[in-house]
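# Reading the structure
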Amino acid sequence: MLHRLYGPVRALALVLALALSPAHARAPAPAGVAVLIYHHFVSDEAAARQKSLLAEMTMAREQFRTQLEFLKRERATVLTDEQFAAHLAGTWVAPRGSVFLIIDDGYESVYRIAWPLLREFGMHAMVALIVGATEERASWFARHPKATPHLSWEQIHEMLQPVMVDGTPRRL
């Protein structure tokens, strides 16, 4: 809803305002973590050809790039799933300005569009899969003939391999 009302960058700025603001940094309570949820991505060319693709749940590549640039510029700490879980459990306190990125449903666009950008910026995202769509692709498409393609196990395996970020191997 925020995306529709304010546009992708303004919505992101609004969500992060408390986490990144100087007033919030002076607050005595531990910082919260902004959770940004994404769903599906399309190429900039496809978005330009068919504006209706950019619904509440779909983002063009350049929109996602702009949001990652914003996070980098604002020096947000993008948490891993382990860090986020530890923060929620109270065994670790996330630094002020922390965000956690989630990409829902595990569409193939994560591999083609989001993952290369996450690698470029050295940022983490948790991908929530529909396992049946990955595990049983043929039967999934038989039941859902117009379904958007989901990640394959090969793509998932590749995305789980460590990459070099600032000279250090890290899993994104």
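The rules we used
Residues numbered from 1 in each chain as written. Predicted model: local features only at pLDDT ≥ 70, side-chain atom pairs only at ≥ 80, totals over all residues. Heavy atoms only, no water. Helix = DSSP H or I, 4+ residues; strand = E, 2+ residues; numbered from the N terminus. Buried < 20%, exposed > 50% of the residue type's maximum accessible area, 1.4 Å probe, protein only. Contact = heavy atoms within 4.5 Å. Areas by Shrake-Rupley, 256 points an atom, 1.4 Å probe, with all protein chains shown as cover. Phe/Tyr/Trp six-rings, centres within 6.5 Å; stacked < 30°, edge-to-face > 60°. Lys NZ or Arg CZ within 6 Å of the ring centre and 35° of its normal. Axes fitted to C-alpha atoms, helices over the stretch in contact; angles between N-to-C directions. Parallel < 35°, antiparallel > 145°, perpendicular 65-115°, else oblique. Left-handed = near helix turned anticlockwise from the far one by under 90°. Nonpolar A, V, L, I, M, F, W, Y, C, P; charged D, E, K, R; others polar. Expected span 1.5 Å × (residues − 1). Salt bridge = Lys/Arg side-chain N within 4 Å of Asp/Glu carboxyl O.

Let us look at the overall build of the protein chain. From N to C terminus, the protein chain includes 10 helices and 8 strands. Counting every position in the protein chain, which comprises 172 residues, the buried fraction comes to 40%. Within the protein chain, residue pairs in contact and separated by at least 24 positions form 58% of the contacts whose partners lie at least 6 positions apart. Summing over all exposed atoms, the protein chain offers an accessible surface of approximately 9,700 Å²; the carbon and sulfur share of this is 58%.

Applying the stated criterion to the full structure yields 5 aromatic pairs. Taken together, a centroid distance of 4.1 Å and an interplanar angle of 10° make the contact between Phe-84 and Phe-100 stacked. In this pair, Phe-84 sits in helix 6 (residues 81-89) while Phe-100 sits in strand 5 (residues 98-105), placing the two residues 16 residues apart along the sequence. In this pair, the class of Phe-84 matches that of Phe-100, namely buried. Taken together, the ring pairs in this structure connect Tyr-38, Phe-41 and Phe-64 into an aromatic cluster. Cation over ring: Arg-119 sits above Trp-115, and NZ or CZ is 4.3 Å from the ring centre.

Contact pair helix 7 (residues 109-121) / helix 10 (residues 153-160): the axes reach a minimum separation of 10 Å and the direction vectors enclose 20°. In terms of axis orientation, helix 7 runs roughly parallel to helix 10. Judged by the twist between their axes, the crossing of helix 7 over helix 10 is left-handed. In contact with Val-110, Tyr-111 and Trp-115 of helix 7, helix 10 contributes Gln-155, Glu-158 and Met-159. Within the contact of helix 7 with helix 10, the residues separate by chemical class into 4 nonpolar, 1 polar and 1 charged.

This paragraph deals with helix 5 (residues 61-73). Helix length check: helix 5, at 13 residues, gives a terminal C-alpha distance of 18 Å against a target of 18 Å (1.5 Å per residue), a fit within 8%. Buried within helix 5 we find Gln-63, Phe-64, Arg-65, Gln-67, Leu-68, Phe-70 and Leu-71. Note on helix 5: the residue one or two positions beyond its end, Arg-75, has a positive phi of about 60°.

All right, on to the pattern of salt bridges then. Applying the stated criterion to the full structure yields 4 salt bridges. Here Arg-65 ties to Glu-62 by a salt bridge, and the two come within 4.0 Å at their closest N and O atoms. Highlighted residues: Arg-65 and Glu-62, both in helix 5, separated by 3 residues, approximately one helical turn. Its relative accessible area of 36% is what places Glu-62 among the partly exposed residues.

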